[in-house]
Amino acid sequence: MRDVTASFLSNGWVTVFYIVLCLYLYGDLAIYEAAVAKSLRDITCNYAPDNCTQVLSDTDKCFTDSGFDITRLDMYRIYTCIFVGVMGPFVFFNLTKTKYMQMMTTLTRWLALITMITWAVVLLSEGKGQGHPAAANPMKLPELFGVCVYSFMCHHSLPSLVTPINEKKSLFKLLAADYLLILLFYYLLAFTGVFAFNHLEDLYTLNFLPDRCDNSKSILMVTCLQLFMLLFPLFRFNMLPPAPFICDQSPPRALIIAFFRNFGSLMAH
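Residues numbered from 1 in each chain as written. Predicted model: local features only at pLDDT ≥ 70, side-chain atom pairs only at ≥ 80, totals over all residues. Heavy atoms only, no water.

J.: Please provide a residue-by-residue account of the overall build of the protein, values included.
T.: Along its length, the protein carries nine helices and zero strands. Going residue by residue from the N terminus, the α and β elements of the protein occur as α-α-α-α-α-α-α-α-α. For the protein, with 269 residues in total, the buried portion stands at 30%. Within the protein, contacts between residues at least 6 apart in sequence are counted, and of these 70% link residues at least 24 apart. Of the roughly 18,500 Å² of accessible surface on the protein, a fraction of 69% belongs to carbon and sulfur atoms. (Helix = DSSP H or I, 4+ residues; strand = E, 2+ residues; numbered from the N terminus. Buried < 20%, exposed > 50% of the residue type's maximum accessible area, 1.4 Å probe, protein only. Contact = heavy atoms within 4.5 Å. Areas by Shrake-Rupley, 256 points an atom, 1.4 Å probe, with all protein chains shown as cover.)

This is the structure we're talking about:
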């Protein structure tokens with residue numbers, strides 16, 4: 001992408017490109033961190049209020065019977081520190097031969113996507129849908145833009161889709177079909193979820209937490225699927241654990257090198 005930017009714009013805009021890319025990648029890592037830490041916290045914490053329908057807050061305690069006064073926010077921060085401490089050192093390493101890790105990542109993504117859609121469809125087909133979304137709410141536009149950030153991730157696959165194709169005549173049709181399929185899955189995921197659940201969590205997989213008000217014994221298969229959905233952010237990230245951190249080291253390094261190169265040129269003149 002840097003070469004494309006340099007082909008059409010000046011060096012100053014190449015620097016702007018690197019700055020924006022750095023901000024994007026670090027924001028991407030922040031999303032990963034929040035997803036993993038929040039999922040692990042909700043799996044670990046077992047406290048349930050007397051009113052099972054009460055929404056838990058960050059100040060609620062994490063454990064029902066514990067000698068430690070740890071709140072849900074404290075547990076989230078603990079997992080955040082563990083995540084940064086374990087994954088942070090990977091910025092100093094490199095990564096090659098990721099074929100099988102990418103295959104496992106693709107498998108878990110497809111499994112999670114199909115499970116989420118199927119689960120919501122089953123709830124709707126059984127008449128258990130609780131969602132009553134408004135037709136339009138302009139006040140929710142900021143949240144829409146926040147969610148759309150991850151739809152941009154689909155564009156990352158463009159080079160890997162285009163490069164292996166020798167015959168470029170049908171390229172537009174192939175890409176159109178690919179992105180149409182992506183759009184259909186987004187629609188399925190969004191519309192089934194918004195009508196199936198009364199409230200959508202900021203991390204959609206958390207909507208599949210076991211119901212605190214349901215004291216009946218769950219089917220083993222259902223419990224396994226719920227656990228898989230809750231751990232999906234962790235699986236997704238840990239299939240390629242160092243990759244995002246390794247990707248994050250390249251733009252800052254290139255930005256620093258470009259800065260000192262330009263600074264040296266100015267000093268020479």
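Let's pick the thread back up.
J.: Requested: an account of the confidence of the model for the protein, with residues and values cited.
T.: Per-chain confidence: the protein averages 76 in pLDDT, with 73% of residues scoring 70 or above. Per-residue pLDDT, averaged within each element of the protein, yields its smallest value for helix 9 (residues 243–268) (62) and its largest for helix 3 (residues 72–87) (88). (pLDDT = per-residue confidence, 0-100.)

J.: Can you explain helix 3? Please cite residues and give values.
T.: Helix length check: helix 3, at 16 residues, gives a terminal C-alpha distance of 22 Å against a target of 22 Å (1.5 Å per residue), a fit within 8%. Taken together, the buried positions of helix 3 are occupied by R72, M75, Y79, T80, F83 and M87. For helix 3, the angular spread of buried residues about the axis comes to 145 degrees, placing them on one side. (Expected span 1.5 Å × (residues − 1). Arc of directions from axis to C-beta.)

J.: Tell me about helix 4 (residues 99–125), and please be specific about residues and values.
T.: Look at helix 4: 39 Å from first C-alpha to last across 27 residues, which is about the 39 Å you get at 1.5 Å a residue. Within helix 4, the full set of buried residues consists of T105, T108, A112, L113, T115, M116, I117, W119, A120 and L123.

J.: Kindly report on the environment of V162, identifying the contributing residues and their values.
T.: With respect to the helices, strands and loops of the structure, V162 is situated in helix 6 (residues 158–162). Looking at V162, the relative accessible area reads 24%, which means it is partly exposed. Ignoring sequence-local partners within four residues, the contact set of V162 consists of K168, L171 and L175.

J.: Account for the nonpolar core, naming residues and giving values.
T.: Counting 15 residues, the largest nonpolar core has A112, M116, L189, F197, Y204, F208 and M229 as its most contacted members. Of all the secondary-structure elements, those providing two or more residues to this core are helix 4, helix 7 (171–196) and helix 8 (220–238). With seven residues, helix 4 is the largest single contributor of residues to this core. Among all residues touching F208, those that are not within four sequence positions of it are M116, W119, F197, Q226 and M229. (Core = buried A, V, L, I, M, F, W, Y, C linked by side-chain atoms within 4.5 Å.)

J.: Any chance you could break down the side chain of T192 for me, citing the residues and the numbers?
T.: As for its placement among the helices and strands, T192 is situated in helix 7. Judged by relative accessible area, T192 falls into the buried class, the value being 8%. Within the structure, the side chain of T192 is placed 2.4 Å from the backbone oxygen of L188, a separation counted as a polar contact. What T192 contacts, discounting residues up to four positions off in sequence, is I117, A120, V121, L124 and Y187. (Polar contact = N/O pair within 3.5 Å; in protein donor to acceptor, adjacent residues only side chain to side chain.)

J.: I'd love a proper account of the packing of aromatic side chains, names of residues and values included.
T.: The full count for this structure, using the stated rule, is six aromatic pairs. Ring geometry for W119 versus F208: centroids 5.4 Å apart, planes at 75 degrees, classification edge-to-face. Residue W119 is found in helix 4, and its partner F208 is found in the loop between helix 7 and helix 8; the two are separated by 89 residues along the sequence. Like F208, W119 is buried. One aromatic cluster in this structure is built from W119, F197, Y204 and F208. (Phe/Tyr/Trp six-rings, centres within 6.5 Å; stacked < 30°, edge-to-face > 60°.)

J.: Which residues make up the UniProt feature "transmembrane region" (unreviewed entry) in the protein, and what values go with them?
T.: Mapped onto this structure's residue numbering, the UniProt feature "transmembrane region" (unreviewed entry) falls at residues 12–32, 76–95, 107–124, 174–198 and 218–235. Between the C-alpha atoms that bound residues 107–124 the distance is 26 Å, and the span itself is 100% helix and 0% strand. Helix makes up 92% of residues 174–198 and strand 0%. Its end C-alpha atoms lie 38 Å apart. (UniProt positions renumbered as here; feature names shortened; annotations may be inferred.)

J.: I'd like a description of the state of the cysteines, backed by residues and values.
T.: With the rule as written, the count across this model stands at one disulfide. Between the sulfur of C45 and that of C62 lies a disulfide, 2.0 Å long from S to S. Taking the sign of the S-S torsion, about -95 degrees here, the bridge from C45 to C62 comes out left-handed. In this pair, C45 sits in the loop between helix 2 (11–44) and helix 3 while C62 sits in the loop between helix 2 and helix 3, placing the two residues 17 residues apart along the sequence. Since its relative accessible area comes to 0%, C62 is described here as buried. (Disulfide = S-S within 2.5 Å.)

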